[in-house]
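# Examining the three-dimensional arrangement
Each chain, written out:
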Amino acid sequence: MISEILQYNQRFVAEKGYKPYETSGQPDMKLAIVSCMDTRLTELLPRALGLKNGDAKIIKVAGGTLLTPYDSVMRSLLVAIYELDCEEIMVIHHSGCGACDMHASHFLQLMRERGISEEDIREAEKHVDLNKYLDGFHDTPRSVRRTVDAIRQHPLVPKDVTVRGFIIDSRTGELEEVR
Ligand SMILES: [Zn+2]
């Protein structure tokens, strides 16, 4: 896959395929989005929101949640707010999210099947509680609310930043606000 991508990339650059996407690094809209890495959303999410290249900072991780108040998603949001003048944040979970129904026990079983030893698992447990780290959020609206609240109440997020939560339909792109 990667070799094919590299061949395509040479053609893309040679044929100036980048021309329609040229923009500055400063987002045109003062907007950041936290969402899921699900491949159904790759094009659907920006299209359904009317966003083009250069409009918004989009931060994507499995599930679109914060793991901790100081994880890499939160750090990216702080960069968006302070360095890129972001004034509004959308938290967008989606229907049928794989990170919703994850179970740590099943995850660990898959790891063991791929050759991860008990010793490796114990080593990882020194850094993180795997039962929480690998578990899904199970309730999508609740997870959206929890993520929105964690950002709103974060000590380093200014109170004038607007944070709103949504669930996007993974097929139609329809947004539903979670209040
Ligand atoms: Zn997802």
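Report on the accompanying structure. (Residues numbered from 1 in each chain as written. Predicted model: local features only at pLDDT ≥ 70, side-chain atom pairs only at ≥ 80, totals over all residues. Heavy atoms only, no water.)

## Observations concerning the side chain of Asp-55
- Along the chain, Asp-55 falls in the loop between α2 (41–48) and β2 (57–60).
- Not counting residues within four places of it along the chain, the set of residues in contact with Asp-55 comprises Pro-27, Asp-28, Met-29 and Gly-50. (Helix = DSSP H or I, 4+ residues; strand = E, 2+ residues; numbered from the N terminus. Contact = heavy atoms within 4.5 Å.)

## Thoughts on α2
- Every buried residue of α2 is listed here: Leu-41, Leu-45 and Pro-46. Projection of α2 onto a plane perpendicular to its axis shows the buried side chains occupying an angular sector of 105 degrees, all on one side. More than 90 degrees from the buried face of α2, the exposed residues found are Glu-43 and Arg-47.
- Where α2 is buried, its residues meet β1 (31–35), β2, β3 (88–94) and β4 (162–168).
- A positive backbone phi angle near 70 degrees is found at Gly-50, which sits one or two residues after α2. (Buried < 20%, exposed > 50% of the residue type's maximum accessible area, 1.4 Å probe, protein only. Arc of directions from axis to C-beta.)

## A closer look at the sheet that holds β2
- In space, the 5 strands of this open sheet follow the order β2-β1-β3-β4-β5, with mixed pairing throughout. Two strands lie at the open edges of the sheet, namely β2 and β5 (175–178), each paired on one side alone. On average, adjacent strands in this sheet sit at an angle of 25 degrees to one another, irrespective of strand direction.
- The strands touched by helix α7 (residues 140–152) within the sheet are β3, β4 and β5, with β4 carrying the most contacts at an inclination of about 160 degrees. (Pairing = 2+ DSSP bridges. Axes fitted to C-alpha atoms, helices over the stretch in contact; angles between N-to-C directions.)

## Considerations on the nonpolar core
- Residues Met-74, Leu-77, Ile-89, Ile-151, Val-157 and Val-163 are the most contacted members of the largest nonpolar core, which totals 21 residues.
- Put simply, the parts of the chain that give this core at least two residues each are β1, α3 (72–82), β3, α7 and β4.
- If you tally residues by element for this core, the top one is α3, at 6 residues.
- When neighbours within four sequence positions are excluded, Val-157 is seen to be in contact with Met-74, Leu-78, Ile-81 and Ile-151.
- Listed in part, the 15 residues of the second largest apolar core include Ile-33, Ile-92, Cys-97 and Ala-99. (Core = buried A, V, L, I, M, F, W, Y, C linked by side-chain atoms within 4.5 Å.)

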